[in-house]
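A structural walkthrough
Residues per chain are reported as follows:
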Amino acid sequence: MNSTPRPSFDAKRMLVFDDIQQASHHVADEIIQLVGAKPSAVLGLATGSTPIAVYEELIRRYRAGDVDFSKITTFNLDEYVGLSPEHPQSFAAFMRTHLFDAIDVPDHHTHIPAGVANDFLSTAELFEKKIQTSGGIDWQLLGIGDNGHIGFNEPGSPGESGTRLVELADETIEANSRFFDSPDDVPRQAITMGIATILKAKRLVLMAFGAAKAQAIADAVAGPVTPDCPASFLQRHPNATFIVDRAAAAALPTEA
Ligand code: PGA
(Lines give C-alpha, C1' and ligand atoms only; values in the text may rest on other atoms or scores of the structure.)
Protein backbone atom coordinates (compact mmCIF):
# COMPACT_ATOMS: atom_id res chain seq x y z
CA MET A 1 0.00 0.00 0.00
CA ASN A 2 1.24 3.44 -0.87
CA SER A 3 1.35 5.56 2.26
CA THR A 4 2.17 8.84 0.50
CA PRO A 5 -0.60 11.30 1.35
CA ARG A 6 -2.69 11.93 -1.72
CA PRO A 7 -4.83 15.03 -2.02
CA SER A 8 -8.57 14.37 -2.12
CA PHE A 9 -9.10 17.22 -4.57
CA ASP A 10 -7.98 18.08 -8.07
CA ALA A 11 -4.37 19.01 -7.32
CA LYS A 12 -3.83 20.09 -10.94
CA ARG A 13 -5.89 23.16 -10.11
CA MET A 14 -3.52 24.24 -7.32
CA LEU A 15 -0.16 25.99 -7.51
CA VAL A 16 1.43 26.50 -4.09
CA PHE A 17 4.28 29.02 -3.86
CA ASP A 18 6.73 29.78 -1.04
CA ASP A 19 5.89 33.45 -1.02
CA ILE A 20 3.68 36.15 -2.46
CA GLN A 21 6.42 37.57 -4.67
CA GLN A 22 7.01 34.29 -6.51
CA ALA A 23 3.31 33.68 -6.92
CA SER A 24 2.75 37.21 -8.22
CA HIS A 25 5.60 36.94 -10.73
CA HIS A 26 4.10 33.71 -12.00
CA VAL A 27 0.73 35.39 -12.53
CA ALA A 28 2.26 38.50 -14.12
CA ASP A 29 4.24 36.24 -16.51
CA GLU A 30 1.02 34.53 -17.55
CA ILE A 31 -0.63 37.89 -18.31
CA ILE A 32 2.43 39.16 -20.22
CA GLN A 33 2.58 35.98 -22.30
CA LEU A 34 -1.11 36.27 -23.13
CA VAL A 35 -0.84 39.93 -24.13
CA GLY A 36 2.29 39.13 -26.18
CA ALA A 37 0.38 36.45 -28.08
CA LYS A 38 -2.86 38.46 -28.28
CA PRO A 39 -2.25 42.22 -27.95
CA SER A 40 -6.01 42.91 -27.90
CA ALA A 41 -6.61 40.47 -25.01
CA VAL A 42 -9.58 41.14 -22.74
CA LEU A 43 -8.48 40.98 -19.10
CA GLY A 44 -10.74 40.70 -16.07
CA LEU A 45 -9.16 42.51 -13.12
CA ALA A 46 -9.59 42.50 -9.35
CA THR A 47 -8.97 44.91 -6.48
CA GLY A 48 -7.95 44.25 -2.87
CA SER A 49 -4.57 43.57 -1.27
CA THR A 50 -4.00 40.29 -3.08
CA PRO A 51 -3.31 41.47 -6.67
CA ILE A 52 -1.15 44.48 -5.77
CA ALA A 53 2.17 42.64 -6.27
CA VAL A 54 0.94 41.35 -9.66
CA TYR A 55 0.19 44.91 -10.76
CA GLU A 56 3.59 46.10 -9.47
CA GLU A 57 5.29 43.43 -11.55
CA LEU A 58 3.21 44.31 -14.64
CA ILE A 59 4.27 47.95 -14.26
CA ARG A 60 7.91 46.95 -13.82
CA ARG A 61 7.78 44.78 -16.95
CA TYR A 62 5.95 47.50 -18.90
CA ARG A 63 8.68 50.01 -17.98
CA ALA A 64 11.30 47.47 -19.03
CA GLY A 65 9.65 47.33 -22.46
CA ASP A 66 8.56 43.70 -22.14
CA VAL A 67 4.87 44.35 -22.81
CA ASP A 68 2.53 46.77 -24.55
CA PHE A 69 -0.92 47.27 -23.00
CA SER A 70 -2.19 49.81 -25.54
CA LYS A 71 -4.60 47.38 -27.21
CA ILE A 72 -5.93 45.45 -24.22
CA THR A 73 -9.44 45.88 -22.84
CA THR A 74 -10.15 45.45 -19.14
CA PHE A 75 -13.22 44.72 -17.05
CA ASN A 76 -13.14 44.94 -13.27
CA LEU A 77 -15.16 42.61 -11.09
CA ASP A 78 -16.96 45.12 -8.92
CA GLU A 79 -17.45 48.56 -7.41
CA TYR A 80 -18.99 49.95 -4.21
CA VAL A 81 -22.44 51.46 -4.64
CA GLY A 82 -22.42 55.16 -3.79
CA LEU A 83 -18.75 55.80 -4.56
CA SER A 84 -17.99 57.79 -7.70
CA PRO A 85 -14.79 57.02 -9.62
CA GLU A 86 -13.20 60.08 -7.97
CA HIS A 87 -13.77 58.76 -4.43
CA PRO A 88 -10.38 57.66 -3.01
CA GLN A 89 -11.80 54.34 -1.75
CA SER A 90 -13.56 53.51 -5.02
CA PHE A 91 -12.20 50.58 -6.95
CA ALA A 92 -11.87 52.91 -9.95
CA ALA A 93 -9.39 54.98 -7.90
CA PHE A 94 -7.64 51.79 -6.75
CA MET A 95 -7.11 50.69 -10.34
CA ARG A 96 -5.76 54.08 -11.43
CA THR A 97 -3.35 54.16 -8.49
CA HIS A 98 -2.16 50.57 -8.66
CA LEU A 99 -2.10 49.97 -12.42
CA PHE A 100 -3.82 52.12 -15.03
CA ASP A 101 -1.96 55.41 -14.46
CA ALA A 102 1.39 53.63 -14.81
CA ILE A 103 0.75 51.75 -18.07
CA ASP A 104 -0.40 52.65 -21.57
CA VAL A 105 -3.93 51.18 -21.51
CA PRO A 106 -6.26 53.89 -22.89
CA ASP A 107 -8.92 55.04 -20.40
CA HIS A 108 -11.74 54.12 -22.74
CA HIS A 109 -10.49 50.50 -22.85
CA THR A 110 -11.01 50.12 -19.08
CA HIS A 111 -14.42 49.22 -17.65
CA ILE A 112 -15.45 49.25 -14.01
CA PRO A 113 -19.08 48.85 -12.96
CA ALA A 114 -20.56 52.26 -12.10
CA GLY A 115 -20.97 52.79 -8.37
CA VAL A 116 -23.25 55.76 -8.94
CA ALA A 117 -26.19 55.25 -11.28
CA ASN A 118 -29.89 56.08 -11.54
CA ASP A 119 -30.76 52.58 -12.65
CA PHE A 120 -28.48 49.74 -11.56
CA LEU A 121 -30.47 47.18 -13.51
CA SER A 122 -29.69 48.77 -16.87
CA THR A 123 -26.14 49.64 -15.73
CA ALA A 124 -25.58 45.95 -14.98
CA GLU A 125 -27.09 44.86 -18.31
CA LEU A 126 -24.90 47.34 -20.17
CA PHE A 127 -21.81 46.00 -18.40
CA GLU A 128 -22.68 42.43 -19.43
CA LYS A 129 -23.27 43.61 -23.03
CA LYS A 130 -19.93 45.38 -23.14
CA ILE A 131 -18.19 42.19 -22.05
CA GLN A 132 -19.98 40.29 -24.80
CA THR A 133 -19.28 42.82 -27.54
CA SER A 134 -15.60 42.90 -26.55
CA GLY A 135 -15.51 39.20 -27.43
CA GLY A 136 -15.67 37.95 -23.82
CA ILE A 137 -13.03 37.88 -21.10
CA ASP A 138 -9.91 35.91 -22.06
CA TRP A 139 -8.32 35.87 -18.64
CA GLN A 140 -9.85 36.77 -15.26
CA LEU A 141 -7.98 37.49 -12.03
CA LEU A 142 -9.81 36.76 -8.77
CA GLY A 143 -9.21 37.15 -5.07
CA ILE A 144 -11.28 35.34 -2.47
CA GLY A 145 -12.94 36.63 0.69
CA ASP A 146 -12.38 34.90 4.03
CA ASN A 147 -16.01 33.83 3.57
CA GLY A 148 -15.40 32.37 0.09
CA HIS A 149 -16.78 35.30 -1.91
CA ILE A 150 -15.51 36.07 -5.42
CA GLY A 151 -16.01 39.59 -6.67
CA PHE A 152 -18.77 40.66 -4.30
CA ASN A 153 -20.71 37.42 -4.78
CA GLU A 154 -21.27 36.69 -1.12
CA PRO A 155 -22.30 33.27 0.28
CA GLY A 156 -25.78 32.47 -1.05
CA SER A 157 -25.03 33.82 -4.54
CA PRO A 158 -26.47 31.52 -7.21
CA GLY A 159 -24.23 29.97 -9.85
CA GLU A 160 -26.38 31.46 -12.61
CA SER A 161 -26.09 35.05 -11.31
CA GLY A 162 -25.10 37.86 -13.68
CA THR A 163 -23.85 41.38 -12.98
CA ARG A 164 -26.14 42.89 -10.35
CA LEU A 165 -26.57 45.00 -7.25
CA VAL A 166 -25.75 43.06 -4.06
CA GLU A 167 -25.73 43.57 -0.30
CA LEU A 168 -22.32 43.11 1.30
CA ALA A 169 -21.94 40.48 4.01
CA ASP A 170 -21.15 41.76 7.53
CA GLU A 171 -17.76 40.03 7.45
CA THR A 172 -16.90 41.76 4.17
CA ILE A 173 -17.80 45.17 5.61
CA GLU A 174 -15.63 44.34 8.62
CA ALA A 175 -12.70 43.09 6.48
CA ASN A 176 -12.82 46.09 4.14
CA SER A 177 -13.19 48.66 6.94
CA ARG A 178 -9.37 48.76 7.07
CA PHE A 179 -9.47 50.95 3.96
CA PHE A 180 -11.96 53.43 5.47
CA ASP A 181 -11.85 55.80 8.47
CA SER A 182 -14.54 53.77 10.23
CA PRO A 183 -16.65 50.65 9.54
CA ASP A 184 -19.66 53.01 9.25
CA ASP A 185 -18.10 54.53 6.13
CA VAL A 186 -17.97 51.19 4.26
CA PRO A 187 -20.74 51.05 1.64
CA ARG A 188 -23.35 48.37 2.34
CA GLN A 189 -23.99 47.56 -1.30
CA ALA A 190 -21.94 46.89 -4.40
CA ILE A 191 -22.36 46.13 -8.07
CA THR A 192 -20.54 42.96 -9.05
CA MET A 193 -20.05 40.62 -11.97
CA GLY A 194 -22.10 37.52 -11.21
CA ILE A 195 -20.83 33.99 -10.83
CA ALA A 196 -22.10 33.09 -14.31
CA THR A 197 -20.35 36.19 -15.70
CA ILE A 198 -17.07 35.11 -14.09
CA LEU A 199 -17.38 31.49 -15.22
CA LYS A 200 -17.72 32.63 -18.87
CA ALA A 201 -14.10 33.85 -18.87
CA LYS A 202 -11.85 31.52 -20.86
CA ARG A 203 -9.33 31.30 -18.03
CA LEU A 204 -9.66 31.99 -14.31
CA VAL A 205 -6.79 32.57 -11.89
CA LEU A 206 -7.74 32.90 -8.22
CA MET A 207 -5.01 34.09 -5.85
CA ALA A 208 -5.03 33.78 -2.05
CA PHE A 209 -2.36 34.46 0.55
CA GLY A 210 -2.22 34.04 4.30
CA ALA A 211 -3.77 31.84 6.96
CA ALA A 212 -7.03 33.84 7.04
CA LYS A 213 -7.83 32.46 3.56
CA ALA A 214 -6.97 28.81 4.35
CA GLN A 215 -10.48 27.61 5.17
CA ALA A 216 -12.05 29.43 2.21
CA ILE A 217 -9.47 27.83 -0.10
CA ALA A 218 -10.09 24.35 1.32
CA ASP A 219 -13.86 24.80 0.90
CA ALA A 220 -13.47 26.22 -2.62
CA VAL A 221 -11.12 23.54 -3.90
CA ALA A 222 -12.06 20.41 -1.96
CA GLY A 223 -15.60 21.06 -0.70
CA PRO A 224 -18.91 20.64 -2.51
CA VAL A 225 -19.87 23.08 -5.25
CA THR A 226 -22.33 25.27 -3.38
CA PRO A 227 -23.52 28.89 -3.12
CA ASP A 228 -22.35 28.68 0.53
CA CYS A 229 -18.82 29.04 -0.87
CA PRO A 230 -19.12 31.03 -4.12
CA ALA A 231 -15.51 30.27 -5.10
CA SER A 232 -16.40 26.55 -5.19
CA PHE A 233 -18.13 27.21 -8.55
CA LEU A 234 -14.63 27.42 -10.04
CA GLN A 235 -14.54 23.61 -9.80
CA ARG A 236 -16.97 23.64 -12.74
CA HIS A 237 -14.60 25.69 -14.93
CA PRO A 238 -12.34 23.76 -17.28
CA ASN A 239 -9.42 26.20 -16.98
CA ALA A 240 -9.33 27.62 -13.45
CA THR A 241 -6.18 27.64 -11.28
CA PHE A 242 -5.83 28.50 -7.61
CA ILE A 243 -2.50 30.21 -6.86
CA VAL A 244 -1.73 30.30 -3.16
CA ASP A 245 1.07 30.55 -0.62
CA ARG A 246 1.73 27.79 1.93
CA ALA A 247 -0.36 29.48 4.64
CA ALA A 248 -3.43 29.65 2.39
CA ALA A 249 -2.91 25.99 1.39
CA ALA A 250 -2.66 24.80 5.01
CA ALA A 251 -6.26 23.54 5.43
CA LEU A 252 -6.38 21.49 2.23
CA PRO A 253 -7.26 17.89 3.04
CA THR A 254 -5.08 14.90 2.27
CA GLU A 255 -6.03 11.25 2.33
CA ALA A 256 -3.76 8.33 3.14
P1 PGA B 1 -8.10 40.94 -0.37
O2 PGA B 1 -9.63 40.79 -0.76
O3 PGA B 1 -7.32 40.73 -1.63
O4 PGA B 1 -7.98 42.37 0.12
O5 PGA B 1 -7.80 39.93 0.66
C6 PGA B 1 -10.02 39.71 -1.54
C7 PGA B 1 -11.52 39.67 -1.68
O8 PGA B 1 -12.23 40.10 -0.75
O9 PGA B 1 -12.00 39.18 -2.71
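Just above, that's the structure.
Bear in mind that the values here come from a model prediction, so they are computed numbers and not experimental data.

Right, let's talk about the environment of valine 42 for a bit. As for its placement among the helices and strands, valine 42 is situated in strand β3 (residues 42-45). On the basis of relative accessibility, which here comes to 2%, the residue valine 42 falls in the buried class. Each C-alpha atom of the pair valine 42 and threonine 123 lies 20 Å from the other, and the pair is 81 residues apart in sequence. Beyond its immediate sequence surroundings of up to four residues, valine 42 is in contact with Thr73, Phe75, Ser134, Gly136, Ile137, Asp138 and Trp139.

To continue, consider the sheet that holds strand β9 (residues 189-192). With antiparallel pairing, the 3 strands of this open sheet are ordered in space as β5-β9-β8. In this open sheet, the two strands that pair with only one neighbour each are β5 (78-80) and β8 (164-167). Each neighbouring strand pair of the sheet contributes to a mean axis angle of 30°, computed without reference to strand direction. With 4 bridges connecting them, β8 and β9 associate as antiparallel partners. Its bridge partner lying in β9, leucine 165 is registered against isoleucine 191.

Going through the model one piece at a time under the given rule, you end up with 10 salt bridges. Between aspartate 29 and arginine 61 there is a salt bridge, and its shortest N-O distance comes to 2.7 Å. With a gap of 32 residues between them, aspartate 29 in helix α1 (residues 20-37) and arginine 61 in helix α2 (residues 52-63) connect regions that are remote in the sequence. Given a relative accessible area of 33%, aspartate 29 falls into the partly exposed group. For arginine 61, the salt bridge goes to aspartate 66, with nearest N and O atoms at 2.7 Å. The exposure class assigned to arginine 61 is buried, which follows from its relative accessible area of 16%. Given a relative accessible area of 42%, aspartate 66 falls into the partly exposed group. Each member of the salt-bridge network shares a partner with another, and the members are Asp29, Glu57, Arg60, Arg61 and Asp66.

Parameters at a glance
- Residues numbered from 1 in each chain as written.
- Predicted model: local features only at pLDDT ≥ 70, side-chain atom pairs only at ≥ 80, totals over all residues.
- Heavy atoms only, no water.
- Helix = DSSP H or I, 4+ residues; strand = E, 2+ residues; numbered from the N terminus.
- Buried < 20%, exposed > 50% of the residue type's maximum accessible area, 1.4 Å probe, protein only.
- Contact = heavy atoms within 4.5 Å.
- Pairing = 2+ DSSP bridges.
- Axes fitted to C-alpha atoms, helices over the stretch in contact; angles between N-to-C directions.
- Salt bridge = Lys/Arg side-chain N within 4 Å of Asp/Glu carboxyl O.

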